[in-house]
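Listed below, chain by chain, are the residues.
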There are 2 protein chains.
Amino acid sequence: LSSSSPARDHPHRTVINRGRTTVPIASSNSESTDVPEFEHFGVPGPRGLPPLTEYLDILDVDMMKKPNESNKMNHHTALYQSDNLIIRRGQEFEVKITFNRPFNSAQDKFAVEFVIGSSPQYSKGTYIPVFPTKDRQSPWAGRITNTSDNTITMGITPAADCIVGKYHMYVAVATPYGIRRTRRDISRDLYILFNPWVADDAVFLDDEKERDECVMSEMGIIYHGAYDDISERNWNYGQFNYGVLDACLYIMDRSEMPITNRGDPIKVTRKASAMLNSRDDDGVLVGSWSGDYSYGVAPTSWTGSTDILLSYASSKMPVCYAQCWVYAAVFNTFLRCLGIPSRVVTNFFSAHDNDGNLKTDIILDENGRIDRKRTKDSIWNYHCWNECYMSRPDLPTGFGGWQVVDATPQETSDGMYRCGPASVQAIKHGQICFPFDAAFVFAEVNSDVVFYSRKKDGTLEPVKVNRTHIGRLVLTKNPGDLTRRDITSQYKFSEGSTEERTVLEKAEEYGCKREKSNPALADVDLVLPTLEISVGDDFELSVEFINRSDQERTVDTYISGNVVYYTGVSSSEFLFRTPTVEIEPNQTVKELVSVQSKSYMKQLVEQANLHFIVTGKVNETGQIITAMKVVTLRNPKLSVEVSGGGKVNEEMMATVQFTNPFTFNLEGVYIRMEGPGVMSPKFKYYSLIPGGSSLTWAEFFTPQRSGSTRMIATLDCPALRQVYGQATITIEP
Amino acid sequence: LSSSSPARDHPHRTVINRGRTTVPIASSNSESTDVPEFEHFGVPGPRGLPPLTEYLDILDVDMMKKPNESNKMNHHTALYQSDNLIIRRGQEFEVKITFNRPFNSAQDKFAVEFVIGSSPQYSKGTYIPVFPTKDRQSPWAGRITNTSDNTITMGITPAADCIVGKYHMYVAVATPYGIRRTRRDISRDLYILFNPWVADDAVFLDDEKERDECVMSEMGIIYHGAYDDISERNWNYGQFNYGVLDACLYIMDRSEMPITNRGDPIKVTRKASAMLNSRDDDGVLVGSWSGDYSYGVAPTSWTGSTDILLSYASSKMPVCYAQCWVYAAVFNTFLRCLGIPSRVVTNFFSAHDNDGNLKTDIILDENGRIDRKRTKDSIWNYHCWNECYMSRPDLPTGFGGWQVVDATPQETSDGMYRCGPASVQAIKHGQICFPFDAAFVFAEVNSDVVFYSRKKDGTLEPVKVNRTHIGRLVLTKNPGDLTRRDITSQYKFSEGSTEERTVLEKAEEYGCKREKSNPALADVDLVLPTLEISVGDDFELSVEFINRSDQERTVDTYISGNVVYYTGVSSSEFLFRTPTVEIEPNQTVKELVSVQSKSYMKQLVEQANLHFIVTGKVNETGQIITAMKVVTLRNPKLSVEVSGGGKVNEEMMATVQFTNPFTFNLEGVYIRMEGPGVMSPKFKYYSLIPGGSSLTWAEFFTPQRSGSTRMIATLDCPALRQVYGQATITIEP
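Bear in mind the structure is a predicted one, so any value in this text is a computation, not a measurement.

Reading guide: rules and limits
- Residues numbered from 1 in each chain as written.
- Chains lettered and ligands numbered in written order.
- Predicted model: local features only at pLDDT ≥ 70, side-chain atom pairs only at ≥ 80, totals over all residues.
- Heavy atoms only, no water.
- Helix = DSSP H or I, 4+ residues; strand = E, 2+ residues; numbered from the N terminus.
- Pairing = 2+ DSSP bridges.
- Axes fitted to C-alpha atoms, helices over the stretch in contact; angles between N-to-C directions.
- Expected span 1.5 Å × (residues − 1).
- Core = buried A, V, L, I, M, F, W, Y, C linked by side-chain atoms within 4.5 Å.
- Buried < 20%, exposed > 50% of the residue type's maximum accessible area, 1.4 Å probe, protein only.
- Domains from an automatic or database assignment.
- Patch = residues over 30% accessible without salt bridge, like charges linked within 9 Å, V, L, I, M, F, W, Y side chains within 5 Å.
- Areas by Shrake-Rupley, 256 points an atom, 1.4 Å probe, with all protein chains shown as cover.
- Salt bridge = Lys/Arg side-chain N within 4 Å of Asp/Glu carboxyl O.
- Lys, Arg positive; Asp, Glu negative; His and termini not counted.
- Charge placed at Lys NZ, Arg CZ, Asp CG, Glu CD.
- UniProt positions renumbered as here; feature names shortened; annotations may be inferred.
- Contact = heavy atoms within 4.5 Å.
- Polar contact = N/O pair within 3.5 Å; in protein donor to acceptor, adjacent residues only side chain to side chain.
- Phe/Tyr/Trp six-rings, centres within 6.5 Å; stacked < 30°, edge-to-face > 60°.
- Lys NZ or Arg CZ within 6 Å of the ring centre and 35° of its normal.

K.L.:
What is the right way to look at the environment of Gln431(A) in this model?
P.N.:
Its location among the elements puts Gln431(A) in the loop between helix H8 (424-428) and helix H9 (438-446). Each C-alpha atom, one on Gln431(A) and one on Phe442(A), is 9.4 Å from the other, the two residues being 11 residues apart in sequence.

Pasting the structure below:
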């Protein structure tokens, strides 16, 4: 597999091993060494195979993997679409073994053996024999739970810290001449997953409602937009779909992660945070913020993770394209599929730190006008990452629980395109010295926005410090329903509290640099309203000036309207005004600015965010005043309707309708639709949708599973992105 | 430069940036944006250039970079061979500026400006103006130290935490119309290094003797062999040689390390530990333990770092080949060249941990004979890494000082081919949760060797645990002389002390797994003697059996002699005996085994180590006894003699002599020779040296520098490696 990785093709990438290690480290779950069918003890005896007839012989092994059988039910794996048995570690499962005659515990000696990866070793946990008798036990407990005629049922409990992945299974019988084994049979291959349901597992989560959401739920809601005007995006994680589990194991194989590390959720999640993006290591997703996605799928167009993971595993090439919510959503699928509790969170106004300090710099010229050439930091309107739940034996007690991992390729302070796991507790308490990358995440939620006035000689003087803008709100989906959950308080103490101050001081002890100066507050306040505007609307922006002094104030004002990416990077300025505003003592003045749709429509990018920055200089005091507001334009909706049937195995129809509300044509339009458990991803292409005209797309489908789910659809074209809609369906048994 | 990196050629390696960040992060010291020669304020005034004549004009700038001038002397940079001024941060240096008329501090305004990397920013420390007057100062202090006619001498003190690298320098004069600057002049480019001499620098080392050794010394001694039979290798670090400093900056550019991180010794050393090896990132050195070095230089053949660094910087391709001491030696050059105090240390019996536990497993069969097929861990006879000295603001107080960094590509627990900086204090006290990779280094010096007896059913039973074998001795060169310094006590408390136990328990709290069982000690001891044997000798190995019981004991013994690599990996078994030894109560028996040279000579590899493993089973008690001994065979020496002159600029001659002591011919022989400050690396090739015959190679050279130094030579061929010799020279002024 990995031979297709450029890393391997490059002559200098591989250290020549002979003489350095006895065997190359096993790092693939798909390569494997099969154990011999007969292991001769080398004691005197007949040559070749002994007369085996007189010893116990195995006629059949039944993995008891039918959905209705106990194994899949007890281990919460019935939803996985797979031909093999899938169970969770630290919990007993059963197999039936049929011999050529009744089993006699007094004389017959046998073991069930499990093998993973190449060069299996007992001491490394890659070769595990399981014995039926108390007198001899291995790290995996074994017992006979039932006997009837020639068939015994054996209960096997894998160690709660065993390697997670795909094992081969054998039954071995000891004869005086040696050990004989069943032949390799792929139908007996066994997948073992993490187990949030057992206390001994590092990912144990003692809350049934959380487990249902963070391990078992396939439907997700990801929040975006602005903190005061939040939008929702539906996502189909699809962690149980056919082939997804194998794709997740392939990701670890592709990263050449040592098999022996794959039982440790810390190492698995850290490695995955590097592998989900294509930087450094040809991982799963190629990031693009270019606006041109003609050679792949636009990030805003995906409806779920299944397509992405299956295409990576089959093509073995990174998939185009992703932005932060796509990385987070696919990472979430990976984690839930392997059994690590996880959720996608959204941080509104996320600082993008690239030099380990806690400052985002905005540079104004001496007149208070923003200096775009010199303002190089950006604040992401929002940023999505993942939290996964696990203990942290590598840290002092108290830092287990939710951990931040982030697969979006931002250069972390450690210089690699990966991030975490970072303990949320450690971030909240400023203990940013603990691995991994806690300091980086700390800056994303705690940075200050510093406005500088640039002097002629090039030096900068801080004129305003906004300590509350960044990390304004952290959201995730509420377990069990479709509502939002504000988890900001899990990342930081309330603004202005004494705890907050202590935490920031603690963080500074660990080398975080903050802006110390505290410029006097101007006695004029600037306020921008929250606006709810649809794409194509003309509207009025009212800028409010509040004079808190008892003298008149005159403000030379710069009002700048920009089309911005969700990363806060400005694409183009579509509006610029420089009014001079006079305000009577203790009065308020509203300056009205009318915005014509034609001025911004042609320049809209991506998620159609308008960013208004108002800055000004109070003539009487020379003080600088500033205000910023992001307006996320409302897009037209897709209407999704589902009709007919409503029962398992009865055909139904999903209908997507869209009307182009604009006067201009939409070109190169993709519509995508899928529904967890009811419809696999489908898409349709329309070369042109004339202005004002409508389209309807109907698809038939036959639900295989009962329960409540949703049908999700997106529409995407260069001129109009992230248009979506969904419908909830309930399927009766 | 970096366009030649395969990483860049790969279409999926680069995230498309537009819309994601305003500007790509500056990550090259060789790319740069020049500041404009005239910066118009845009105020009303004559178009184009104003009548500059009436304002201050700069006629000349003198960087005062002559070796005898104060700058290079005060900053300890006189030894660097460079055309530019090289100084250290946090300490004042002087430049002379000549104007068109006397400088008038009342009316004339000027600044000396320093710029590094592309898109320089004041707030990021990549653009720094320095002012001559108290009233306006930037992070870099400036003052006028002397004035005569039209010339002023300006003292400039770079911030003690400023970026380390190559800066462009300008002088800017403020006119009412704008700022005018001197044209870019490469002869004024300034290199700024770390400064162990000033207290404000993170690498401050308050010990003149240590500084002389760990920053200024070019000659090194690297220890290898066995802990009870230590060999020495001389090495020319050559950190001051022409081009070496630029090569070190190129290494950081090649790694695309953000310029803004290059003032932080933690980030610089961590990045460098990844870049010194070619894994992951096309770094400097390709590791090979293959024994076949026909396509490069054998690791044992190098005499210094200069060739390696210059060839990497010019070819931009990784250099073949390295093993641990080569990685450590070149890393040492990098660190000393940039001004970070560093030393090479050798750990004897170094555990190679690849799954984060503290066990090295040796598997015996039920009769006590070693099972080579199943014994997969290896113990390196020795392993070399670096220590560098710095404060650790990212950790709680008490963990600054010496830090372990290791560039040899071993897979660390973090899954990357890099290691450190890990606080030696943290390792000693078991605080292995602190970054970076402390747990990995902890295992290298604290692992246990566990002997298992393998049962027929495949399970393993521990029969002996050796807790003192690993990390037996840690050595480095003593500052100021050529003696050894035992620093084992800086890594661990004395074996068996209560502190030691506490530390191991602390480490276990952080997830280190150790072998708990404590098998009963056998009442028969096995002792192997220390042997000093030259390549080609026949010798006798005496195995001593001590019966501490008062009954007779009979031991079925397996004596195995193997040719091994220094990594402990066995190449071939050249001797195997299975005597049964009977020992009277409380008696001692010596079993003599004679070893013929012909039995091992043909199979010798690399560093000619013989590894004897004796294991046995005591019949009466069934107990297993074991003993191991590494014998490093003495190689023939090279004789190096230096004659004539002995004064600077007087020609001298170096003569290397070698006699092939064997009966067979040596083929494909390389001899290398160099001397710090007196002779650049030279080599000679001999296709064949007949058995018994001698050769002499003479080279003339002319020392440029006075002082005491050494001439180092090595001889290397497939049949005989690491033959070397040296001569000490003193050059009079």
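K.L.:
Before we go on, may I ask you to explain the sheet that holds strand E17 (residues 359-364) of chain A in this structure?
P.N.:
Remark on secondary structure: sheet strands pair via backbone hydrogen bonds, oriented parallel or antiparallel. All names here are of chain A. On the basis of which strands lie adjacent, the open sheet formed by 3 strands has the order E17-E21-E22 and mixed pairing. Because the sheet does not close on itself, it has two edges, and the strands there are E17 and strand E22 (460-466). Averaged over all neighbouring strand pairs, the angle between strand axes comes to 30 degrees, with direction disregarded. Bridge count between strand E21 (residues 448-454) and E22: 6 bridges; the pairing is antiparallel. Paired with Tyr 452 across the bridge in E22 is Pro 462.

K.L.:
Would you mind showing me how to read helix H7 (residues 324-338) of chain A here?
P.N.:
Quick reminder: α-helices carry 3.6 residues per turn. Residues three or four places apart thus point the same way. In this model H7(A) runs 21 Å from its N-terminal to its C-terminal C-alpha over 15 residues, within 8% of the 21 Å that 1.5 Å per residue would give. Where H7(A) terminates, the next one or two residues include Gly339(A), which has phi positive at roughly 95 degrees.

K.L.:
Could you clarify how one ought to interpret the nonpolar core in this entry?
P.N.:
The tendency in soluble globular proteins is for nonpolar side chains to be buried as a group. In this structure, Leu285(A), Val326(A), Phe334(A) and Leu338(A) are the most contacted members of the largest nonpolar core, which totals 67 residues. The dominant element in this core, judged by the number of residues it contributes, is H7(A), at 12 residues. Mapped onto the domain boundaries, this core takes at least three residues apiece from domain 1 (38-193) and domain 2 (208-510) of chain A. Counting 66 residues, the second largest nonpolar core, distinct from the first, contains Tyr223(B), Trp235(B), Cys248(B) and Val326(B).

K.L.:
What am I meant to see in a negative patch on the surface here?
P.N.:
A contiguous patch of negative charge on the surface is contributed by Glu552(A), Glu582(A), Glu584(A) and Glu620(A). Along the chain, Glu584(A) turns up in the loop between strand E29 (580-583) and strand E30 (588-595).

K.L.:
Whenever I open this one, the UniProt feature "active site" (unreviewed entry) in chain A confuses me. Can you help?
P.N.:
All names here are of chain A. The UniProt record marks Cys 324, His 383 and Asp 406 with the feature "active site" (unreviewed entry), using the residue numbering of this structure. Their sequence span is 83 residues, while the largest C-alpha to C-alpha distance among them is just 9.9 Å; these annotated residues converge on one region. Assignment of secondary structure puts Cys 324 in helix H7. Looking at Cys 324, the relative accessible area reads 0%, which means it is buried. Among the secondary structure elements, His 383 is positioned in strand E18 (residues 379-390). In this structure His 383 comes out as buried when scored by relative accessible area, which is 0%. Excluding residues within four positions of it along the chain, His 383 makes contact with Cys 324, Val 345, Thr 346, Asn 347, Ser 350, Asp 406, Thr 408, Gln 410 and Glu 444.

K.L.:
I keep staring at the domain arrangement of chain A and nothing clicks. Help me out?
P.N.:
How big an interface is tends to be stated in terms of accessible area lost as the parts join. When the domains of chain A are assigned, the result is domain 1 (38-193), domain 2 (208-510), domain 3 (524-632) and domain 4 (639-731). Each of domain 3 of chain A and domain 4 of chain A has a C-alpha centre, and the two are 38 Å apart.

K.L.:
I'm lost on unusual backbone geometry in this one. Help?
P.N.:
Trans is the prevailing form of peptide bonds, just as negative phi is the prevailing case for residues other than glycine. Going from Pro435(A) to Phe436(A), the amide bond is cis rather than trans, its omega being 0 degrees. The residue after Cys320(B), namely Tyr321(B), is reached through a cis peptide bond having omega -5 degrees. You can see Tyr321(B) is positioned in strand E15 (residues 319-322). Positioned with a positive phi, Met64(A) is a non-glycine residue whose angle comes to about 50 degrees. Tracing the sequence through the fold places Met64(A) in the loop between strand E2 (58-62) and helix H2 (70-74).

K.L.:
Looking at this structure, I do not really get the pattern of salt bridges. What am I missing?
P.N.:
A pair can form between side chains of opposite charge whenever their charged atoms are brought close. Residues and elements named next belong to chain B. Applying the stated criterion across every chain, the model contains 64 salt bridges over all chains. With its nearest N and O atoms 3.5 Å apart, the salt bridge here joins Arg 484 to Glu 232. Remark: Glu 232 occurs in strand E13 (residues 229-236) and Arg 484 occurs in strand E24 (residues 484-486); sequence separation between them is 252 residues. Assessed through its relative accessible area of 28%, Glu 232 is described here as partly exposed.

K.L.:
What should I look at first to understand the environment of Asp556(B) in this one?
P.N.:
Residues and elements named next belong to chain B. With respect to the helices and strands, the residue Asp 556 is situated in strand E27 (residues 553-564). Residues Asp 556 and Ser 489, 67 residues apart in the sequence, show an inter-C-alpha distance of 39 Å. If we ignore the near neighbours within four places in the chain, the residues touching Asp 556 are Pro 579, Thr 580, Thr 615, Gly 616, Lys 617 and Asn 619. Of note is the side chain of Asp 556, whose polar atom sits 3.0 Å from the side chain of Thr 580.

K.L.:
Any chance you could explain the sheet that holds strand E7 (residues 141-148) of chain A here in plain terms?
P.N.:
Residue and element names in this part refer to chain A. One open sheet holds the 4 strands; their spatial order is E2-E4-E8-E7, and the pairing between them is antiparallel. The open sheet has two edge strands, E2 and E7, and neither has a second partner. If you compare each strand with its neighbour and ignore which way they point, the axes differ by 25 degrees on average. For strand E4 (residues 93-99) and strand E8 (residues 151-157), the ladder comprises 6 bridges, and the chain directions are antiparallel. Bridging across to E8, Ile 97 finds its partner in Ile 152.

K.L.:
Teacher, can you tell me more about the side chain of Ser273(A) here?
P.N.:
All names here are of chain A. The topology assignment puts Ser 273 in helix H5 (residues 265-275). Given the relative accessible area of 0%, Ser 273 is considered buried. A distance of 3.3 Å separates a polar side-chain atom of Ser 273 from the backbone nitrogen of Cys 419. Not counting the four nearest positions on each side in its chain, Ser 273 is found in contact with Phe 331, Asp 406, Ala 407, Tyr 417, Arg 418 and Cys 419.

K.L.:
Would you take a moment to explain the side chain of Gln722(B) for this structure?
P.N.:
All names here are of chain B. The residue Gln 722 is located in strand E39 (residues 720-731) in this model. On the accessibility criterion, Gln 722 (6% relative accessible area) is buried. Within polar-contact distance, the side chain of Gln 722 engages the side chain of Arg 233 at 2.3 Å.

K.L.:
In this structure, what is going on with helix H4 (residues 244-254) of chain B? I would like to understand it.
P.N.:
Residues and elements named next belong to chain B. Among the 11 residues of H4, 10 are classified as buried, and the element is accordingly described as predominantly covered. The set of residues buried in H4 consists of Val 244, Leu 245, Ala 247, Cys 248, Leu 249, Tyr 250, Ile 251, Met 252, Asp 253 and Arg 254. Phi turns positive, to about 55 degrees, at Glu 256, one or two residues after H4.

K.L.:
When you look at the packing of aromatic side chains in this model, what are you seeing that I'm missing?
P.N.:
Each aromatic ring pair is specified by the distance between its two centres and by the angle formed by the two planes. For the coordinates displayed, the defined rule picks out 49 aromatic pairs over all chains. When the ring of Phe93(B) is compared with that of Phe114(B), the centres are 6.4 Å apart and the planes differ by 70 degrees; the resulting orientation is edge-to-face. Highlighted residues: Phe93(B) in strand E4 (residues 93-99) and Phe114(B) in strand E5 (residues 110-115), separated in sequence by 21 residues. The exposure class assigned to Phe93(B) is buried, which follows from its relative accessible area of 1%. Judged by relative accessible area, which is 0%, Phe114(B) ranks as buried. Seen from their ring centres, Phe399(B) and Phe434(B) are 5.1 Å apart, and the 50 degrees between their planes marks the pair as tilted. Taken together, the positions of Phe399(B) in the loop between strand E18 (379-390) and strand E19 (401-405) and Phe434(B) in the loop between helix H8 (424-428) and helix H9 (438-446) put the pair 35 residues apart, joining distant regions of the chain. We note that Phe399(B), like Phe434(B), is buried. An aromatic cluster is present here, built from Phe93(A), Phe114(A), Trp140(A) and Tyr167(A) joined pairwise through their rings. We note Arg136(A) situated over the ring of Phe131(A); from NZ or CZ to the ring centre the distance is 5.9 Å. In this structure, Arg672(A) packs its charged tip against the face of Phe683(A), placed 5.1 Å from the ring centre.

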